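# Structural overview
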Amino acid sequence: MNWHIENAESLMLDNGAFSTYNSGKKFDEKGYYSWVDQYLYAMNWAVIPDVIGGSIEDQKELISRCKLPKHLSAPVWHMSLPLSWLEEIADNYPRFCFGSSQQYWKVMSQEWQDRADEAFELLDKMGVRPWVHMLRGLRISGQRWPFASADSTNVARNFKNRGKYRCPNEWI
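## Focus on the confidence of the model for the protein
With 88% of its residues at a pLDDT of 70 or more, the protein has an overall mean of 87. Counting interchain partners and residues more than four positions distant, the pLDDT-below-50 stretch residues 155–159 has 12 contacts. Counted against residues more than four places away or in other chains, residues 162–172, with its pLDDT under 50, gives 22 contacts.

Given below as structure tokens:
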């Protein structure tokens, strides 16, 4: 973390919902906010806690408890939730994340691609150009969707592999 603080232009601080979901553990919301608070300044931002596979009401509940400024935080739109929820998020946040869930779990499946197309068509119709971060999407950087940023759980989990950073298609 110290290396990133000293060298990166900005940091996206992930809430760990994906890892928590996969491990079956309970999410420590208070601990998360305590951790991110020390790093939120300048261009750094944090992902608002979310419920993988949860309802709009679940997501709204966690967003309502978030005390972070909107310009330093980003809610997650799970692709399995209605486009109307994406529209509401886009109306209220300058930055948000796409999360692949349920039938859209597999990034780049045909279902996923069709849903991403629908989402960006909606954003275009709204006339908004938000910062959209793709969770688990580093390997699709440069594809047809205009994601502003992306991350990879592979890099996060395996960065110490052989002393180098492991990216989806190459060693850097």
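Past the structure itself, the notes keep going.
## Some words on the pairing of strand 5 (residues 95–99)
Burial runs high along strand 5: five of the five residues are buried. Because side chains alternate across strand 5, one face comprises the buried residues R95, C97 and G99, and the other comprises F96 and F98, equally buried. Relative to strand 5, strand 4 (residues 76–78) is paired through three bridges, and the arrangement is parallel. Of the residues in strand 5, the one forming a bridge with V76 is C97. Traced from strand 4 through helix 5 (residues 83–92) to strand 5, the parallel crossover comes out right-handed. In this sheet, strand 6 (residues 131–134) lies alongside strand 5 in parallel orientation, the contact comprising four bridges.

## Some points on the packing of helix 5 against helix 6 (residues 110–126)
As a packed pair, helix 5 and helix 6 sit with axes 10 Å apart at the nearest point and diverge in direction by 45 degrees. Classed by the angle they form, the pair helix 5 and helix 6 counts as oblique. For the pair helix 5 and helix 6, the crossing hand works out as right-handed. Residues L83, L86, E87, A90 and D91 of helix 5 lie in contact with helix 6, whose contacting residues are R115, E118, A119, L122, L123 and M126. Along the lines of polarity and charge, the residues of the contact of helix 5 with helix 6 split into seven nonpolar, no polar and four charged.

Definitions and limits used
- Residues numbered from 1 in each chain as written.
- Predicted model: local features only at pLDDT ≥ 70, side-chain atom pairs only at ≥ 80, totals over all residues.
- Heavy atoms only, no water.
- pLDDT = per-residue confidence, 0-100.
- Contact = heavy atoms within 4.5 Å.
- Buried < 20%, exposed > 50% of the residue type's maximum accessible area, 1.4 Å probe, protein only.
- Helix = DSSP H or I, 4+ residues; strand = E, 2+ residues; numbered from the N terminus.
- Pairing = 2+ DSSP bridges.
- Right-handed = clockwise from strand over helix to strand, strands pointing away.
- Axes fitted to C-alpha atoms, helices over the stretch in contact; angles between N-to-C directions.
- Parallel < 35°, antiparallel > 145°, perpendicular 65-115°, else oblique.
- Left-handed = near helix turned anticlockwise from the far one by under 90°.
- Nonpolar A, V, L, I, M, F, W, Y, C, P; charged D, E, K, R; others polar.

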